[in-house]
Amino acid sequence: MPNPIQDCMMAHSSVRAFEPTPVPKEVIERCVAAAQMASTSSWIQAYSLLQIHDATKREALAELCGGQAQVHAAGAFFVVLADSRRHLLLAESAGCDHVQNLEGFLLAVVDASLFAQSLALAFESEGLGICFIGGLRYQLDEVDRLLDLPQGAWPLFGLSVGTPEEKPDGRPRLPLSAVLHHDRYPTDGEVAAATDAFDEVASAHYAERGLAGRTWSGGMARKFMAPVREELAAYYISKGARLS
Ligand SMILES: Cc1cc2nc3c(=O)[nH]c(=O)nc-3n(C[C@H](O)[C@H](O)[C@H](O)COP(=O)(O)O)c2cc1C
């Protein structure tokens, strides 16, 4: 059965080159309203979206994100926030304690991520391209200063959106057998068989792009060899989160 929503999901690829056309306000508002209908833990809606219009701030953010041009070149750029601030303010005005712990942080991160992926899909359904920007977490202290964020508003990642100037090939995904399990988690041998199968697909993908010899499994092993962004916990704690 043709299903336009799944067709749109299957057509996804991250876009990193955009035309300079702004994204109309009504398109943004329509997509945000649709994304707000994502499920939310206990209806807490613990997220906010900060659109950065100011060109100087966009350029500074592009540098802070590791020199990623799409942060200032895209038609629109947003910072996705896990947001406990409104709950903090509500507690203050109700005269209640507001207690944070890891559960509170995870609630907000999960809520914000579900909202963000729905938002990305809503934009893509309008024919726009998107790229999430985890590079926002390279220098969160600086990002925080630039955006003047209050306690309880926790930046997670950015989102560039705009008219695509390119249509990148989709990156293949793991086989279903690596992701969809029935009644029990697979054995280590089954996990290895599925990742080996994917390595063949990913290696062919790399080779077609002039990167013969590169493997997905090798890349993943290297990615987690050493800790990165170790200052994140201190930053989020300084902004009112508790991570235990
Ligand atoms: C939370 C998150 C952060 C990301 N951060 C970046 C980023 O900083 N820069 C970038 O170019 N792509 C970024 N990406 C895009 C991924 O690299 C991309 O989704 C992945 O390689 C799969 O490719 P595809 O989206 O084209 O299928 C990010 C994706 C996610 C979900």
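All values reported here derive from a predicted model rather than from experimental measurement. (Residues numbered from 1 in each chain as written. Predicted model: local features only at pLDDT ≥ 70, side-chain atom pairs only at ≥ 80, totals over all residues.)

## Brief notes about the site of the ligand
Alright, step 1. For the ligand, the set of nearby residues contains 13 residues, the closest of which are Ser13, Ser14, Phe132, Gly134 and Gly135.
Alright, step 2. Looking at the shell around the ligand, the element that brings in the most residues is strand β3 (residues 129-133), giving three residues.
Alright, step 3. Broken down by class, the residue content of the shell around the ligand amounts to four nonpolar, seven polar and two charged. (Near = placed C-beta within 6 Å. Helix = DSSP H or I, 4+ residues; strand = E, 2+ residues; numbered from the N terminus. Nonpolar A, V, L, I, M, F, W, Y, C, P; charged D, E, K, R; others polar.)

## Describing the nonpolar core
Within soluble globular proteins, side chains that are nonpolar generally end up buried alongside one another.
Alright, step 1. One finds Val80, Leu81 and Ala112 to be the most contacted residues of the largest nonpolar core, which totals 44 residues.
Alright, step 2. Among the elements of the structure, α2 (25-35), α3 (55-64), β2 (76-83), α6 (102-125), β3, α7 (140-147) and β4 (153-162) are those that each provide at least two residues to this core.
Alright, step 3. Element by element, the count of residues in this core is highest for α6, at nine residues. (Core = buried A, V, L, I, M, F, W, Y, C linked by C-beta atoms within 7 Å. Buried ≥ 20, exposed ≤ 12 C-beta atoms within 10 Å, placed from the backbone.)

## Observations concerning α6
Every α-helix winds through 3.6 residues per turn, so residues three or four apart in the chain are directed the same way.
Alright, step 1. In this model, α6 (24 residues) spans 34 Å end to end at C-alpha, consistent with the 34 Å of a helix rising 1.5 Å per residue.
Alright, step 2. Every buried residue belonging to α6 is among Gly104, Phe105, Ala108, Asp111, Ala112, Phe115, Ala116, Leu119, Ala120, Ala122, Phe123 and Glu124, and all of these are buried.
Alright, step 3. At the exit of α6 stands Gly127, carrying a positive phi of roughly 85°. (Expected span 1.5 Å × (residues − 1).)

## Comments concerning the domain arrangement of the chain
Alright, step 1. One can read the domain layout of the chain as domain 1 (4-169 + 227-238) and domain 2 (176-213).
Alright, step 2. When each unit is reduced to the centre of its C-alpha atoms, the spacing between domain 1 and domain 2 is 30 Å. (Domains from an automatic or database assignment.)

## Some thoughts on the pairing of β2
Alright, step 1. β2 sits mainly inside the fold: eight of its eight residues count as buried.
Alright, step 2. Neither face of β2 is left uncovered, since the one carrying Ala76, Phe78, Val80 and Ala82 and the one carrying Phe77, Val79, Leu81 and Asp83 both have all their residues buried.
Alright, step 3. Relative to β2, strand β1 (residues 47-51) is paired through five bridges, and the arrangement is antiparallel. Its bridge partner being in β2, Ser48 is matched across the sheet by Leu81.
Alright, step 4. Where β2 meets β4, eight bridges bridge the pair, whose relative direction is antiparallel. Across the sheet, Asp83 pairs through a bridge with Ala153, a residue of β4. (Pairing = 2+ DSSP bridges.)

## Observations regarding the environment of Arg86
Alright, step 1. Mapped onto the fold, Arg86 is located in helix α5 (residues 85-94).
Alright, step 2. With 14 C-beta atoms counted inside 10 Å, the residue Arg86 sits in the partly exposed group.
Alright, step 3. C-alpha of Arg86 to C-alpha of Phe18: the two residues are 68 residues apart in sequence and 34 Å apart in space.

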